[in-house]
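Chain residues, written in single-letter form:
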Amino acid sequence: MTKFSELTEFVAIPRVASLELAPDGSWLAATVSMLSPDKKKYVSSIWRIDTSGGAPERLTRSAEGERAAAFLPDGSLLFVSSRKDPSAKADDSQAAKPALWALPAGRGEALRVAAPPGGVAGVAAARQAQAYLITAPVFDGTKDAAEDAARRKARADADVNAILHTSAYRVRYWDSDLGPDNLRLMAGNTTAGGQPADDAGPRDLTPDPGWALHQRDFCLSPDGSVAVTSWQVPAGVGGSRVELATIDVATGERRTLLSDENCDFEHAVISPDGKLVMVSRFEHDSYERPGDSTLIVASFADDGEPRDLLAGFDRYPAGAIWSPDSATVYFTADDNGRRPIFAVDVAGGEVRRLTTDDAAYDSLCVTPDGQVLYALRNAIAEPATPVRIELAGGDLVRLQSPAGSLEVPGQVREISTTVADGSTVRAWLVLPDGASAQAKVPMLLWVHGGPVSSWSQWSWRWNPWLPAARGYAVLLPDPALSTGYGLDFIARGHGTWGDTPFTDVMSITDAAIAEPEIDGDRTAMMGGSFGGYMANWIAGHTDRFAGIVSHAGLWALDQVFGTTDGPYYWRREWGYPDSQPERYAANSPHLHVDAITTPMLVIHGDKDYRVPVGEALRLWADLISRGKDVKFLYFPDENHWILKPGDAVVWYETVFAFLAERVLGEEWRRPELL
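Calculation criteria
- Residues numbered from 1 in each chain as written.
- Predicted model: local features only at pLDDT ≥ 70, side-chain atom pairs only at ≥ 80, totals over all residues.
- Heavy atoms only, no water.
- Axes fitted to C-alpha atoms, helices over the stretch in contact; angles between N-to-C directions.
- Helix = DSSP H or I, 4+ residues; strand = E, 2+ residues; numbered from the N terminus.
- Parallel < 35°, antiparallel > 145°, perpendicular 65-115°, else oblique.
- Contact = heavy atoms within 4.5 Å.
- Nonpolar A, V, L, I, M, F, W, Y, C, P; charged D, E, K, R; others polar.
- Buried < 20%, exposed > 50% of the residue type's maximum accessible area, 1.4 Å probe, protein only.
- Polar contact = N/O pair within 3.5 Å; in protein donor to acceptor, adjacent residues only side chain to side chain.
- Pairing = 2+ DSSP bridges.
- Salt bridge = Lys/Arg side-chain N within 4 Å of Asp/Glu carboxyl O.
- Core = buried A, V, L, I, M, F, W, Y, C linked by side-chain atoms within 4.5 Å.

A.B. asks: Can you lay out the packing of helix α5 (residues 500–513) against helix α6 (residues 530–539) for me, pointing to particular residues and giving the numbers?
C.D. replies: Relative orientation and spacing of two packed helices are given, respectively, by the angle between their axes and the distance between those axes. Their axes nearest at 11 Å, the elements α5 and α6 cross at an angle of 80°. Here α5 is positioned roughly perpendicular relative to α6, judged by the angle of their axes. In this structure, α5 contributes Pro501, Phe502, Val505 and Met506 to the contact, and α6 contributes Phe530, Met534, Trp537 and Ile538. Of the residues contributing to the contact of α5 with α6, the split by class is eight nonpolar, no polar and no charged.

A.B. asks: Let's hear about the environment of Ser625: which residues, and what values?
C.D. replies: Its place among the elements puts Ser625 in helix α10 (residues 614–625). We classify Ser625 as exposed; its relative accessible area is 55%. Within the local environment of Ser625, its side chain forms a polar contact with the side chain of Arg626, the two groups lying 3.3 Å apart.

A.B. asks: I'd like a rundown of α6, residues and numbers included.
C.D. replies: Working note: α-helix, 3.6 residues per turn, so residues spaced by three or four point in the same direction. Judged by how many residues are buried, α6 sits mostly within the fold: 10 of 10 residues are covered. Those residues of α6 that sit buried are Phe530, Gly531, Gly532, Tyr533, Met534, Ala535, Asn536, Trp537, Ile538 and Ala539.

A.B. asks: So what about the sheet that holds strand β28 (residues 372–379)? Which residues, and what values?
C.D. replies: With antiparallel pairing, four strands are arranged side by side in an open sheet as β27-β28-β29-β30. Whereas interior strands pair on both sides, the edge strands pair on one side only; in this sheet they are β27 (360–366) and β30 (396–398). Neighbour to neighbour, the strand axes of the sheet diverge by 30° on average, direction disregarded. Here seven bridges tie β28 to strand β29 (residues 382–390), and the two strands are oriented antiparallel to one another. The residue bridging Val372 from the neighbouring strand is Glu390, located in β29.

A.B. asks: With reference to specific residues and values, describe the side chain of Thr294.
C.D. replies: Among the structural elements, Thr294 can be located in strand β21 (residues 293–299). Taking the relative accessible area as the measure of exposure, Thr294 reaches 6% and is therefore buried. Residues within four places of Thr294 in sequence aside, it is in contact with Val279, Ser280, Arg281, Asp308, Leu310 and Pro317.

A.B. asks: Can you explain the pattern of salt bridges? Please cite residues and give values.
C.D. replies: Following the criterion strictly, the structure yields 36 salt bridges and no others. Note that Arg662 is salt-bridged to Asp629, the shortest N-O span being 2.5 Å. Of this pair, Arg662 sits in helix α11 (residues 645–662) while Asp629 sits in the loop between α10 and β38 (630–635), placing them 33 residues apart in sequence. Among the residues examined, Asp629 registers a relative accessible area of 34% and is labelled partly exposed. Several salt bridges converge on common partners, so that one network encompasses Arg338, Asp358, Glu414, Arg426 and Asp478.

A.B. asks: Now, about the nonpolar core: what can you tell me, with residues and values included?
C.D. replies: When a protein is soluble and globular, its nonpolar side chains tend to lie buried together. Core analysis: the biggest nonpolar cluster contains 53 residues, and Leu445, Leu475, Met525, Met534, Ile538 and Trp570 have the highest contact counts within it. Ranked by size, the runner-up nonpolar core spans 38 residues in total, among them Trp428, Trp446, Trp462 and Val549.

Shown next as structure tokens:
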């Protein structure tokens, strides 16, 4: 028995999400999510991880939780929380909103630093000054916090939640309705220990920005004098693109640093010497080809052209940070089913791979002397755990984790096959304990979402060890459109989702069932998002599987074009369905409904705005009206993912009951809570 055998035990496993290194390098602040006492939600807290290897220590314990940790140079730790302020008045209208707090370096009680009426969304801190930036939602046209608070109170008193949109920008995002307020960027200072330096609160740097700062990232120069932020601007009908802007903290003057009509600039990081800014440049997809991604370095002083730091590097970089001497950039990138750490020399552009194991890394932190990297390391068979990497020799040491260790019920094997166009398609094959040529096991094909993504790391939401604990092998393929194999590999499936990605999946499935442990007569398929699309497409194009599970899957592509939260993304790759119908007609699963013979389980959340629930409703209606064998699991208050612990348990219970019926030939058993 393992923690994967009982679903209630699995959802209770603590999850380490991020790391921040203290200015003196002596400890790491880790954000850890755990079940609340009533087991109805996850609550995050901040833990201290000793870099010398000592036992981790929990630093925060509020019922509301803490997130977005950032260090000030004196060692005080900023974070965002909706915790109650013991010094606040009983009628404090801001008490329920997330505020900015500071935990002094010398321990003691946390202090409330800033509490704008709409709450705090994000935070960044300076490296050399007791300065910080926050984003906070504010009503357009309001001049100060008092006016914003009055507007909020008036709407609440009138019980009004309506939102009027007058621009062509999106109205929803993932699971959130956008408006009626918009994010503004604000700057503040603290004294040593995190005490607010100004009773008036942080200064508004961006009066009436509209939606320019929605879901944008930002940072602060080492001396706290300049803010750098992504800045969203209109592009075409209903579209947008993202520029990079600098804002003088003293004057509020904003200047565009990087702009390209075909690119977005995001995730900026300023060099420790304050001279350069590094930013990810994401090229927009077009009808002809997918967009590329790279790291750009630009000067604050406009004394040279921006430079591509990774020219010729055929991978998508992520999580980039600077070395303390500003001479090297460390980053990660998907690469053949892994996510290693790379280093690039800023002056010469030479790229080196620093890790060679079958793991994925993120949340990189470098010590003040530049000798050690800390990171979260995970793999298909291991959740995120903090590690120490010696840059001189590459030695890796696992630090004690707040989540402890975890034993998985099986092993992972890498397989691959060569497909018709000569490309190599690879996958991870998870084998349960006890699988052998003499004890063959059923197999579950699980296609990832994205679609520009990869099975390169551990997943809490899509976890293959849960079916493995119930005796299934699980195939995790990276077909065309997957990251980690170069831009040409993505382009193989661009605008042709039902063609090459489908044949890649079928080819690697053939390779998997040829493995000696696999019972090829007992197979099922499942997927979410793009994987749900592939489930729907596969259902109409083959009867080889005993059952298919489609979660948040696209069904009618011309329909989702107009109902998704980002239709302009579709226009770039697919065109308009009325004037450019070719790709929609060639790749839409709903046009093949009559060919479906495989029993299906359809799952969707009503708060999913990326793949709206109308896709599942239409899929359900189309199958029912034709007498197909189908079940529909519906979550009225979940989104694209299933996030509440109880709902996650029910999700897996239903999936496993469906698989047991269709693959194992067992009697259907309805989950007790359904």
